[in-house]
Amino acid sequence: MAGKTRQNPIARRTLLGATVFSSLLTLLSSGCILFPNGDPTDVSKLLPETTGASYTVMLKGSKPETKELRQNMLVEHALIESGALKKFGKMDIVVKRVIQGKQGRHRLDVDFDSATRKVKEEQNYAIHPNDIVIISPDNSTQLDKVIDSLSGVLGRNN
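Computed from a predicted model, the values in this text were never measured in an experiment.

1. So, the confidence of the model for the protein chain
Residues of the protein chain with pLDDT of at least 70 account for 62%, and the chain-wide mean is 74. pLDDT under 50 marks residues 27-44. Its contacts with residues more than four places away, or in other chains, come to 12 contacts. Scored below 50 in pLDDT, residues 47-51 shows 11 contacts in the model against residues more than four places distant or in partner chains.

Okay, structure coming up:
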């Protein structure tokens, strides 16, 4: 067993448990119910056909909607038009954007301040043609935030 280092078994189990728990939460909150055939890579059947002047909103619990893009439109405008501000108190927001010359989409995470009911100014991105705005409720608690911060600290010690 030359070249292998031994890890503390408790630390390894803790890290494994945190990884499994995180993966399970991601799976449950990712909207996998949206994919009827279980293949999340086949988004083409899920999204309506778009024109160059539209974007798509995927609101958890609703069908994806293609909306016309207005000039100078921001993420906050998409939240208002989609009804997400009325539907969710706290929310997770992600913008998926096509980058020319790259496969796949670039992920832009957007922080939403539930106290002010606004998107953080530095993350209130302009909506581009063919963007996908994914909005889901944030059901995390203060305990979840503490565990997330601790898992980051534990991960650095390995």
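2. Some points on the nonpolar core
As a rule of thumb, nonpolar side chains are buried together in soluble globular proteins. By size, the foremost hydrophobic cluster in this structure holds 19 residues, and its most contacted members are Leu 79, Met 91, Ile 93 and Ile 135. Mapped onto this core, the elements with two or more residues apiece are strand E1 (54-59), helix H2 (75-82), strand E3 (91-98), strand E4 (105-110) and strand E7 (132-137). What Leu 79 contacts, discounting residues up to four positions off in sequence, is Ala 84, Leu 85, Met 91, Ile 93, Phe 112, Val 119 and Ile 135.

3. Some words on the pairing of E7
Sheet topology places E1 next to E7; four bridges connect them, and they run parallel. Bridge pairing links Val 57 to Val 133 in E7. Sheet topology places E3 next to E7; six bridges connect them, and they run antiparallel. Bridge assignment links Val 94 to a residue of E7, and that residue is Ile 134.

4. Examining the pattern of salt bridges
All told, the structure shown has five salt bridges when counted by the stated rule. Measuring nitrogen to oxygen at the nearest pair gives 3.9 Å for the salt bridge that ties Glu 76 to Lys 118. Residue Glu 76 is found in helix H2, and its partner Lys 118 is found in strand E6 (residues 118-119); the two are separated by 42 residues along the sequence. Judged by its relative accessible area of 16%, Glu 76 is buried. Given a relative accessible area of 45%, Lys 118 falls into the partly exposed group. For Asp 131, the salt bridge goes to Arg 97, with nearest N and O atoms at 2.7 Å. Taken as a pair, Asp 131 in the loop between E6 and E7 and Arg 97 in strand E3 lie far apart in primary sequence, 34 residues in all. Of the two residues examined, Asp 131 and Arg 97, each falls in the buried class.

Criteria and cut-off values
Residues numbered from 1 in each chain as written. Predicted model: local features only at pLDDT ≥ 70, side-chain atom pairs only at ≥ 80, totals over all residues. Heavy atoms only, no water. pLDDT = per-residue confidence, 0-100. Contact = heavy atoms within 4.5 Å. Core = buried A, V, L, I, M, F, W, Y, C linked by side-chain atoms within 4.5 Å. Buried < 20%, exposed > 50% of the residue type's maximum accessible area, 1.4 Å probe, protein only. Helix = DSSP H or I, 4+ residues; strand = E, 2+ residues; numbered from the N terminus. Pairing = 2+ DSSP bridges. Salt bridge = Lys/Arg side-chain N within 4 Å of Asp/Glu carboxyl O.

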